[in-house]
Amino acid sequence: MTAQFDGDRNVIYFFTAKDTDLAEAVASAKEATLVYSAKGDDLFAIGKLRIDNDPAVIDRLWNRFVAAWFEGGKDDPKLCLLRFDPADAEIWKDASSIVAGVKLFLGMGDPKEDYRDSVAQVRMK
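Residues numbered from 1 in each chain as written. Predicted model: local features only at pLDDT ≥ 70, side-chain atom pairs only at ≥ 80, totals over all residues. Heavy atoms only, no water.

**Considering the overall build of the protein chain**
Consideration 1: A tally of regular secondary structure across the protein chain gives 5 helices and 6 strands.
Consideration 2: The helix and strand sequence of the protein chain, counted from the amino end, reads β-β-α-β-β-α-α-β-α-α-β.
Consideration 3: Within the protein chain, buried positions represent 30% of all 125 residues.
Consideration 4: Residue pairs in contact within the protein chain that sit at least 24 positions apart in sequence constitute 66% of those at least 6 positions apart.
Consideration 5: Working note: accessible area of the protein chain is about 8600 Å², and carbon and sulfur atoms make up 55% of it. (Helix = DSSP H or I, 4+ residues; strand = E, 2+ residues; numbered from the N terminus. Buried < 20%, exposed > 50% of the residue type's maximum accessible area, 1.4 Å probe, protein only. Contact = heavy atoms within 4.5 Å. Areas by Shrake-Rupley, 256 points an atom, 1.4 Å probe, with all protein chains shown as cover.)

What follows is the structure, encoded as C-alpha cells:
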C-alpha cells in the first residue's frame, strides 16, 4: 500500500482490497499507529483509521499506479479506500542508523537520551 496525500489536508489515504485483513478489521473506525520510514528520518503517528469510499476522494487520488491493482478501475468491487486521520506524531531524525543499532547492541548509551534533540513531537489537531 502506498500512502496518498490529499493536498494540504492532514489526512493520509491508502487504496487496498476489501478482502484484506486490514480492511476487514477497520469496518468501523479504530485507533491505529502509522509507522513510516524514509532515508534520514522516521515518522510515528497515532490516529484513527477508517474506510472512506467517497467517490470524489477516490477520483481525486486515482492514478496509474493504483489503477494497476484494480482491473475494474474506480468501480472495481474489491476497491477499498482507507483514511488515516493522525492526532499526534513524532518525527525521528536518523533514529535507525547503523551507529544507533551498534550502540544499542553493545549496550552503550541511552537511545532516548542520544536522540533527545533529534525528535520532534507534532500535535496534528
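**Remarks on the packing of aromatic side chains**
Consideration 1: One pass over the full model with this rule turns up 2 aromatic pairs.
Consideration 2: Their ring planes at 85 degrees and their centres at 5.8 Å tell us that Phe15 and Trp62 sit as a pair that is edge-to-face. Taken together, the residues span a long stretch of sequence, with Phe15 in strand 2 (residues 12-17) and Trp62 in the loop between helix 2 (55-61) and helix 3 (64-67) at a distance of 47 residues. Each member of the pair, Phe15 as well as Trp62, carries the same accessibility label: buried.
Consideration 3: By way of ring pairs, the aromatic residues Phe15, Trp62 and Phe70 are connected into one cluster. (Phe/Tyr/Trp six-rings, centres within 6.5 Å; stacked < 30°, edge-to-face > 60°.)

**A short note on the environment of Ile12**
Consideration 1: With respect to the helices and strands, the residue Ile12 is situated in strand 2.
Consideration 2: Taking the C-alpha atoms as reference, Ile12 lies 8.1 Å from Pro86; in sequence the two are 74 residues apart.
Consideration 3: Discounting chain neighbours no more than four positions away, the residues touching Ile12 are Ala3, Gln4, Phe5, Leu34, Leu82, Arg83 and Phe84.

**A few points about the pattern of salt bridges**
Close approach of charged atoms allows side chains of opposite charge to pair.
Consideration 1: For the structure shown, the criterion picks out 5 salt bridges.
Consideration 2: For Arg50, the salt bridge identified is with Asp85, shortest N-O distance 4.0 Å. With Arg50 in strand 4 (residues 41-51) and Asp85 in strand 5 (residues 79-93), the pair connects residues that are 35 residues apart, well separated along the chain.
Consideration 3: The class of Arg50 is partly exposed, set by a relative accessible area of 31%.
Consideration 4: A salt bridge links Arg83 to Asp85, with the nearest nitrogen and oxygen atoms 3.0 Å apart. (Salt bridge = Lys/Arg side-chain N within 4 Å of Asp/Glu carboxyl O.)

**Things to note about the side chain of Asp52**
Consideration 1: Tracing the backbone through its elements, the reader meets Asp52 in the loop between strand 4 and helix 2.
Consideration 2: Looking at Asp52, the relative accessible area reads 11%, which means it is buried.
Consideration 3: Among residues more than four places away in sequence, those in contact with Asp52 are Tyr13, Leu81 and Arg83.

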